[in-house]
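Secondary and tertiary structure notes
The lines below spell out each chain.
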2 protein chains.
Amino acid sequence: MKIAIPLYDRFTTLDAVGPYEVVQRLPGAEITWLAAEPGPVGTDTGQLHLHADAAFEDLPDPDILIVPGGIGTYDALDDERLVGWIRRAHETSQWTTSVCTGSLLLGAAGVLDGLDATSHWLDLEALERFGARPTGRRVVQQGKIITAAGVSSGIDMGLVLAAKIAGPEIAQAIQLGIEYDPEPPFDAGSPEKAPPEIVELVRGLAAART
Amino acid sequence: MKIAIPLYDRFTTLDAVGPYEVVQRLPGAEITWLAAEPGPVGTDTGQLHLHADAAFEDLPDPDILIVPGGIGTYDALDDERLVGWIRRAHETSQWTTSVCTGSLLLGAAGVLDGLDATSHWLDLEALERFGARPTGRRVVQQGKIITAAGVSSGIDMGLVLAAKIAGPEIAQAIQLGIEYDPEPPFDAGSPEKAPPEIVELVRGLAAART
C-alpha cells in the first residue's frame, strides 16, 4: 500500500505527522515523502526540516495521498508541478486526503468541485473559489476524498481512514498504540468553544501574518 | 527562550512533533533539534527522517528540554552522550519534559528518583528501575519536571506547559490555532477504555517486536 505525503515550503509539521503516525502503523504501509526535490523541506517556522525521499514525479501512482496544509499553502496553489501531481495521482488513488489548508491544494487540482469539504476554520471560505461547499465538520468524506479541519484534526482523519482500510479493530489498536485519549487542559479547540476574545486574538494574529 | 528537542535513532515522530507544534507558537520560542550529529535522524520505522540542527554539546543550557520516546529508547538508555546531556541540561533548565518512553531517558539521567512519573502504558513499570513511581495519568508534573504518557499525549503536555510559561490565554490561542478539538472515531485510547481483545492485540504486537 503506497502512501504519498507531498511536502512544500512552509507546510505545517503536525498536519503531515498526525495522520502519518496513524497510517504508518497499517499492515503493509509504505510511506514516501515527496517534494520538488529529495532532501530537507522547511516547515512553516523554518525551525524544523523533514526529509523528502523523492521528487513528486518519482511516485505518480500512490494508493493514498495525504496533503498537508500550512502558511505556505497559498503560494503552493500556483505550483503547477505540485498541483498537477495531485491532479494526476488522484485519478488512480484509492483515497485522496488532506489536512488543514491542504484541502485548498485539492481544490486547485480540481477534485473538490461540487463537493463538501473542510479546512482550517480560518480558511473555510477559501474553499468556495474551487467550487467546494465549506463545512465546519472535523472530518468530511465524499466518496474517496477525505478532508480534515485544522492541523491536529489529521490524527482523527487518520483513524477514520485506518478503519476504512483495515477495519475498526486495527484502527482501535492503532489508537491504543499511540495512546490517543485526548485530555486538553482547556476546551478552546474550535471557534465555537473558545472564548470570543481568544477567537479575536487568533484572527488578529492570522491577519497580521498575511 | 531556548527549547531543545534531542533526537536519537528510532524515536517516535509524534512524540516530538506534538509538543513542538504547540511550543513553537510561544512568543520568543527558539527551537533547536539536537542529535549525536547534525543531519537527518531516522524515526521508529525508518520511513521518515527529521533534520537535526546541531549536536547535543552545541546547546548545553536550554531553557526547556522535550525528550521524545520511541522503540529506540531502550538502546538509547546506554548512550551516555545523550543521557549525560540530559543530566547536565536539567541542572539549569526551567522545564524538563518528556513524552512516552522519553521518561525512561529522564530516569536514566537520574532526575526522576523518588518522583511520580508517567510513560507509555506498556512501559510504565520500567520507570521503577530508576526510582520513579509510575502513575497512569496522562500528564504528571513534579516541580519543573513534566512527563507525559504515550505518543499523542505530548500535545496535551505541550498545552499544559504553554499555559505555565505564557498563561492560559496564550495556551488557548495556540489550542485554537492548531484546532485541537479532538474527535477520535473510537474511544479506545487507553487500556482502561479499549476493548480487552484490542489491549491484548497491542500487548502481543509489542511483545513480538521486542
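About the criteria used
- Residue numbers run consecutively from 1 along every chain, following the written order of its sequence.
- Following the order in which they are written, the chains are lettered starting with A and the ligands numbered starting with 1.
- Per-residue local features are limited, in this predicted model, to residues with pLDDT of at least 70; the limit for side-chain atom pairs, both in listing and counting, is 80 or more; totals at the level of whole chains, interfaces and linings are taken over all residues.
- Excluding hydrogens and water, the side-chain figures rest on all heavy atoms present in the structure.
- In this analysis, strands are considered paired if DSSP registers two or more bridges between them.
- We count a stretch as a helix when DSSP gives it H or I for four or more residues in a row; a strand needs E for two or more, and each element gets its number in order from the N terminus.
- Contacts between residues were defined by any pair of non-hydrogen atoms, one from each residue, lying within 4.5 Å.
- Simply put, an axis is a line fit to the C-alpha atoms, just over the touching stretch for a helix, and the angle between two N-to-C directions goes from 0 to 180 degrees.
- Buried area: the accessible surface (1.4 Å probe) lost by two parts on joining, summed over both.
- The term salt bridge refers to a side-chain nitrogen of Lys or Arg lying within 4 Å of a carboxyl oxygen of Asp or Glu.
- Any pair of N or O atoms that falls within 3.5 Å is considered a polar contact. Within protein, one atom must be able to donate a hydrogen and the other to accept it, and sequence-neighbouring residues count only if both atoms are side-chain atoms.
- Note that Gly is not counted as nonpolar here; it falls among the polar residues with everything else outside the nonpolar set of Ala, Val, Leu, Ile, Met, Phe, Trp, Tyr, Cys and Pro and the charged set of Asp, Glu, Lys and Arg.
- Should an angle fall under 35 degrees it is called roughly parallel, over 145 degrees roughly antiparallel, and 65 to 115 degrees roughly perpendicular, with every other angle called oblique.
- For any pair of crossing helices, the crossing counts as left-handed if the nearer helix is rotated counterclockwise from the farther one by less than a right angle, and right-handed if it is rotated clockwise.
- Residue burial is assigned from relative accessible area. The probe radius is 1.4 Å, only protein chains are included, and a residue is buried under 20% of its type maximum, exposed over 50%, and partly exposed in between.
- Copy-to-copy superposition: least squares on the C-alpha atoms, limited to residues that have pLDDT of at least 70 in both copies.

1. Section: the sheet that holds strand S2 (residues 30-35) of chain B
Residues and elements named next belong to chain B. Across the sheet, seven strands lie side by side as S5-S2-S1-S6-S7-S11-S10; this open sheet has mixed pairing. In the strand order of this sheet, the two ends are held by strand S5 (54-55) and strand S10 (139-142), each with one partner. Here four bridges tie strand S6 (residues 64-67) to strand S7 (residues 95-99), and the two strands are oriented parallel to one another. Counterpart to Ile64 in the pairing with S7 is Trp95. Relative to the sheet, helix H3 (residues 80-92) contacts strand S1 (2-6), S2, S5, S6, S7 and strand S11 (145-148), its axis offset from that of S6 by approximately 145 degrees.

2. Details of the interface of chain B and chain A
Contacts between the two partners involve 63 residues from chain B, matched on the other side by 63 residues from chain A. Note on chain B versus chain A: buried area summed over both sides is about 5400 Å², and carbon and sulfur give 61% of it. Of all residues in chain B, the largest losses of buried area upon contact with chain A belong to Gln47, Leu176 and Glu179 of chain B, amounting jointly to 14% of the total for that side. Taken together, the links from chain B to chain A amount to two salt bridges. The salt bridge involving Asp181 of chain A is made with Lys193 of chain B; its shortest N-O contact spans 2.7 Å. Here chain B and chain A share 38 residue pairs in polar contact (both at pLDDT 80 or more) between them. Of all the secondary structure elements, the ones that give two or more residues to the side of chain B that touches chain A are helix H1 (13-23), S2, strand S4 (49-52), helix H5 (153-166), helix H6 (168-177) and helix H7 (196-209) of chain B. In terms of residues, the side of chain B that touches chain A owes the most to one element, H6 of chain B, which gives eight residues. Looking at the side of chain B that touches chain A residue by residue, the classes come out as 34 nonpolar, 17 polar and 12 charged.

3. Topic: unusual backbone geometry
Glycine aside, negative phi is the norm for most residues, and most peptide bonds take the trans geometry. You will see that Arg10 of chain A, though not glycine, has its phi angle at about 65 degrees, which is positive. Considering the arrangement of structural elements, one finds Arg10 of chain A in the loop between strand S1 (2-6) and helix H1 (13-23).

4. Considering the packing of H1 of chain A against helix H5 (residues 153-166) of chain A
For any two helices packed against each other, the geometry is given by the interaxial angle and the distance between the axes. All names here are of chain A. Where H1 meets H5, the axes come as close as 7 Å, and the angle between the chain directions of the two elements is 30 degrees. In terms of orientation, H1 and H5 fall into the roughly parallel class. Crossing of H1 over H5 shows right-handed handedness. Touching Gly18, Pro19, Val22 and Val23 of H1 are Gly154, Ile155, Met157, Gly158, Leu159, Leu161 and Ala162, all from H5. Each residue belonging to the contact of H1 with H5 can be placed in one class, and the counts come to eight nonpolar, three polar and no charged.

5. Topic: the side chain of Thr96 of chain A
Position of Thr96 of chain A among the secondary structure elements: in strand S7 (residues 95-99). Within the structure, Thr96 of chain A has its side chain in polar contact with the side chain of His90 of chain A (distance 2.7 Å).

6. Quick look at the pairing of S7 of chain A
Residue and element names in this part refer to chain A. With five of its five residues buried, S7 lies for the most part within the structure. Side chains Trp95, Thr97 and Val99 project from S7 onto one buried face, and the interleaved Thr96 and Ser98 project onto a second face that is buried too. Bridge analysis of S7 against strand S11 (residues 145-148) gives four bridges, and the strand direction is parallel. Its bridge partner lying in S11, Thr96 is registered against Ile145.

7. Regarding the relation of the copies chain B and chain A
Overlay of chain B on chain A (RMSD 0.0 Å): rotation 180 degrees, translation along the axis 0.0 Å. The transformation relating the two chain copies, once decomposed into turn and shift, fits a two-fold axis. No C-alpha of chain B approaches the rotation axis more nearly than that of Leu50 of chain B, which lies at 2.4 Å. In this assembly the copies share their binding face: 100% of the residues contributing to the interface of chain B also contribute to that of chain A.

The values reported here are purely geometric and, on their own, carry no functional implication.
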